[in-house]
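The lines below spell out each chain.
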Amino acid sequence: MSGFFTEYGEVSSAKVIMDKVTSRSRGFGFVEMSDDEASKKAIAGLDGTTIDGRTIKVTEARQKEERPAPRDDDDGGYNNSNSYNDNRY
């Protein structure tokens, strides 16, 4: 993966994200470049290109969005009072 990025500058690290259960690629990864200018050139040069028959999307990484905390009146799960488990035979 990092080979495609090296023509734009020095790659500091590259990681393909793998599924914990199947050990297969989840279809995305992260590449860190040595400087911002190289990163911007790589994004501009690679976003929308085709590699191995697949169009890739290259963007700057964003922080993972936090999920809202459950409300006090939310039991937060499937086994609540409306669950099918209440109707077991």
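Worth saying up front: this structure is predicted, and the values here are computed from it rather than measured.

## Looking at the packing of aromatic side chains
According to the stated counting rule, one finds 1 aromatic pair in the structure shown. Measuring from centroid to centroid gives 6.0 Å for Phe28 and Phe30, while their planes differ by 85°, and the two rings are edge-to-face.

## A few points about unusual backbone geometry
Keep in mind that most residues, glycine aside, have a negative phi and that most peptide bonds are trans. For Ser23, which is not glycine, the phi torsion reads 60° and is therefore positive. Mapped onto the secondary structure, Ser23 falls in the loop between strand 1 (11-18) and strand 2 (25-33). Residue Ser23 is classed as exposed on the basis of its relative accessible area, which comes to 53%. If you check the backbone angles, Asp52 has positive phi at about 50° while not being a glycine. Checked against the element boundaries, Asp52 lands in the loop between strand 3 (50-51) and strand 4 (54-55).

## A closer look at the layout of surface pockets
Taken as a whole, the largest pocket holds about 1200 Å³ of empty space. Of all the elements in the fold, those that place two or more residues in the lining of the largest pocket are helix 1 (2-5), strand 2 and helix 2 (36-46). In terms of residue count, strand 2 provides more of the lining of the largest pocket than any other element does, 8 residues in total. Of the residues belonging to the lining of the largest pocket, the class tally is 14 nonpolar, 6 polar and 10 charged.

## Quick notes on the confidence of the model for the protein chain
Per-residue pLDDT for the protein chain averages 83, and the proportion of residues at 70 or more is 76%. The least confident element of the protein chain, judged by mean pLDDT, is helix 1 at 80; the most confident is helix 2 at 95.

Analysis parameters
Residues numbered from 1 in each chain as written. Predicted model: local features only at pLDDT ≥ 70, side-chain atom pairs only at ≥ 80, totals over all residues. Heavy atoms only, no water. Phe/Tyr/Trp six-rings, centres within 6.5 Å; stacked < 30°, edge-to-face > 60°. Helix = DSSP H or I, 4+ residues; strand = E, 2+ residues; numbered from the N terminus. Buried < 20%, exposed > 50% of the residue type's maximum accessible area, 1.4 Å probe, protein only. 1 Å grid on protein atoms, 1.4 Å probe; cavity = no way out; pocket = protein on both sides within 12 Å on 5 of 7 lines; lining within 4 Å. Points joined across faces, edges and corners; volume = space filled by probe spheres on them. Nonpolar A, V, L, I, M, F, W, Y, C, P; charged D, E, K, R; others polar. pLDDT = per-residue confidence, 0-100.

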